[in-house]
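Remarks on the overall topology
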Amino acid sequence: MSHGFEMQPMQARKSGPLTGRVRVPGDKSISHRAMILGLLTIGETHVTGLLEGEDVLRSAAAARALGADIQRVGPGEWRVNGMGIGTLLEPSETLDFGNAGTGSRLMMGVVGGHPIRATFDGDASLRKRPMGRILDPLRKMGVEVIEAAEGNRVPLTIQGARETIPITYETPVASAQIKSAILFCGLNAPGETIVIEAEASRDHTEKMLAYFGAEITSTPHGAHGRRITLKGQPELAPQPIAVPADPSSAAFPMVAALIVPGSDIVIESVMMNPLRIGLITTLREMGARIEELDRRIEGGEEVADLRVRHSLLKGVDVPAERAPSMIDEYPVLAVAAAFAEGETRMNGLQELRVKESDRLQAVADGLKANGVTHRIEGDDLIVDGLSRNIRGGGSVKTHMDHRIAMSFLVMGLAADRDVGVDDMSFIATSFPDFIPLMTRLGGQFA
Ligand code: S3P
């Protein structure tokens, strides 16, 4: 056992056409931020559609430890009574973030902006992930790293700034997590905190801060980048948050419907934020039949019902600059690519190596186990599409990574032989109802 609990193996079986309408859970990025914004606002933040996955529950627990009063009032419906900026309590115990990179990194920024000390820890996967990318800018803002595991990893203890220093920071990689940690820290700094990114990453933090009343602007920077300027020490006012359905979770039934012959499904209310839908762009280039039935605004984000039908896909070249808008979707794109005709080249995947697992290697190993030829060249993954006849029969190691587990279970719905994963338990971090939802569509699991 790699994570101290019973591993839960699961097999997916070649299935008949997938049909029906489903709604996937709330967006994970927005759900984490809902807890944080609620914590940093005096008064009651009412949240609906919250993802009740383990990662988000860890953020809720951390927000409570920092002083928020948080109540679940119904399915997906939560009330957060926060502390406001500058008045967080020092937590008496370690903040344990489990598997959650986003929650832990964003909360380091929150804590860093306050004169309190906190210890961050997580599971064996989180303990491998780099935190130096967050600690570097936070140190410039006045944060002291009291101790950290080798290589700037958790468990680590930080002493937040006594007087937070506003900085201008150019992020070394396009990462919404780095950007957000700096902005959350900058909330308690006098003056302007500026983050410059060479490629635009997801903008939920900026949008939600603006919605809660912060003065924050975003202007273009270079060909694909942004310059974000936040005025510190705003008075945030509580606003209702309606969390839209997560496009990164929608990706799994979407690819499943594309590769299982005869499928025709509708995925309701999927968030269509342009910085999140690189997968849909890519799949359409591959020939996917994905139709937007009703594009509208919900909870401040564009959403659409997506009709997805089985499609004959062809291989494409995916440009590196698209990576930030589909960063979590490469594993399932690799599965779609296996069922396409011809080669799919995914360029610039270096960030995949530092996700919940080394996803580049985990995907490559999973493809190999199921008879799909591919190669890694530098940071690029090239998959030889076999157009439909995937042997399957492989047993895939998931390395405590929910998206590796879901991607290969999707493969198994269309491969000739069952595809097994060694552990599906981590699916609960982001998509607790994945198996029942896919079963309702007609997917077969054992
Ligand atoms: C996230 C940002 C992404 C993504 C993660 C969620 C966020 O990470 O992979 O699942 O909510 O800010 P990076 O910004 O580090 O690429």
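On a predicted model such as this, the values are computed, not experimentally measured, just so you know.

As for the site of the ligand
Taken together, S29, R33, T102, S175, A176, Q177, R202, I327, D328 and K355 make up the full set of residues adjacent to the ligand. Here an oxygen atom of the ligand and a side-chain polar atom of R33 are 2.7 Å apart. Between the ligand and S175 there is a distance of 2.9 Å, counted from an oxygen atom to a side-chain nitrogen or oxygen. Contact with the protein chains hides 95% of the accessible area of the ligand, taken as 380 Å² for the molecule alone. Elements that contribute at least two residues to the shell around the ligand include exactly α1 (28–39) and α5 (176–186).

Observations regarding the nonpolar core
Counting 79 residues, the largest nonpolar core has M254, L283, Y330, M346, M411 and F434 as the members making the most contacts within it. Among the elements that take part in this core, helix α7 (residues 247–259) stands out by supplying 9 residues, more than any other. Sequence-distant contacts of M346, that is, excluding residues within four places in its chain, are made with V318, Y330, L333, A334, A337, D379, D380, L381 and V383. Counting 62 residues, the second largest nonpolar core, distinct from the first, contains L40, M108, I182 and V243.

Topic: the packing of aromatic side chains
Where two aromatic rings form a pair, the distance of their centres and the angle of their planes describe that pair. Counting across every chain of the model gives 5 aromatic pairs. With a centroid separation of 5.9 Å and an interplanar angle of 75 degrees, the aromatic rings of Y211 and F212 are classed as edge-to-face. Note on Y211: relative accessible area 43%, which makes it partly exposed. F212 gets classed as buried once you look at its relative accessible area, which sits at 1%. Each ring, one from F252 and one from F434, has its centre 6.2 Å from the other, and the planes form 80 degrees; the classification is edge-to-face. Linking F252 in helix α7 with F434 in helix α12 (residues 434–441), this pair joins segments that are 182 residues apart in sequence. Relative accessible area serves as the criterion here: at 1%, F252 is assigned to the buried category.

What about the pattern of salt bridges?
Tallied over the full model, the rule gives 40 salt bridges. E215 is paired through a salt bridge with K231; the nearest N and O atoms lie 3.9 Å apart. Note that E215 is positioned in the loop between α6 (204–211) and β12 (216–221) and K231 in strand β13 (residues 225–231), a separation of 16 residues in sequence. A relative accessible area of 53% means that E215 is categorised as exposed. Note that R309 and E291 form a salt bridge whose closest N and O atoms lie 2.9 Å from each other. With a gap of 18 residues between them, R309 in strand β18 (residues 301–309) and E291 in strand β16 (residues 289–292) connect regions that are remote in the sequence. Judged by relative accessible area, which is 22%, R309 ranks as partly exposed. Through salt bridges that share partners, R129, R202, D328, E356, R359, D401 and R403 make up one connected network.

Some words on the environment of S430
Following the sequence through the fold, S430 ends up in the loop between β24 (419–421) and α12. Sequence separation of S430 and L39 is 391 residues, and the distance between their C-alpha atoms is 21 Å.

Let's talk about α6
Along α6, the positions that sit buried rather than exposed are H204, T205, E206, M208 and L209. Looking one or two residues past α6, G213 carries a phi angle of roughly 105 degrees, positive in sign.

Thoughts on the pairing of β13
Two strands pair when backbone bridges link them, and strand β11 (residues 192–197) and β13 are joined in this way by 6 bridges, in the antiparallel orientation. When the bridges of β13 are listed, E197 appears paired with R226. As paired strands, β12 and β13 are joined by 6 bridges and run antiparallel to one another. Bridging across to β13, S218 finds its partner in I228. Between the end of β12 and the start of β13, which pair antiparallel, lie 3 residues, with G222 showing a positive phi angle near 65 degrees.

Digging into the environment of D365
Within the secondary structure, D365 is located in helix α10 (residues 359–369). With a relative accessible area of 40%, D365 lands in the partly exposed category. As a C-alpha pair, D365 and V396 span 31 residues in sequence and 7.5 Å in three-dimensional space.

So, how was this worked out
Within each chain, residues carry numbers counting from 1 in the order of the written sequence. pLDDT decides what is reported in this predicted model: residues at 70 or higher carry local features, side-chain atom pairs at 80 or more are listed and counted, and totals for whole chains, interfaces and linings draw on all residues regardless. Remark: hydrogens and water are excluded; side-chain values derive from all non-hydrogen atoms of the structure. Nearness is defined per residue: one heavy atom within 4 Å of the molecule or strand is enough. Polar contact criterion, stated in full: a pair of N or O atoms within 3.5 Å, where within protein one must be able to donate a hydrogen and the other to accept it, and residues adjacent in sequence count only if both atoms are side-chain atoms. To measure how exposed things are, a 1.4 Å probe is used in the Shrake-Rupley method; for residues, cover is taken only from the protein chains shown. Secondary structure follows DSSP: runs of H or I at least 4 residues long count as helices, runs of E at least 2 residues long count as strands, and numbering of each begins at the N terminus. Here, nonpolar core means buried Ala, Val, Leu, Ile, Met, Phe, Trp, Tyr and Cys residues that are tied together by side-chain atoms lying within 4.5 Å of each other. Relative accessibility thresholds used throughout: buried, under 20% of the residue-type maximum; exposed, over 50%; partly exposed, between the two (1.4 Å probe, protein chains only). By definition, residues are in contact when any of their heavy atoms lie within 4.5 Å. Between 30 and 60 degrees the pair is tilted, below 30 it is stacked and above 60 it is edge-to-face, where a pair is any two Phe, Tyr or Trp rings, Trp via its six-membered ring, whose centres lie within 6.5 Å. Here a salt bridge means any side-chain nitrogen of Lys or Arg lying within 4 Å of a carboxyl oxygen belonging to Asp or Glu. Pairing between two strands requires that DSSP report at least two bridges joining them.

Honestly, that's just the spatial picture; any functional story needs more than this.
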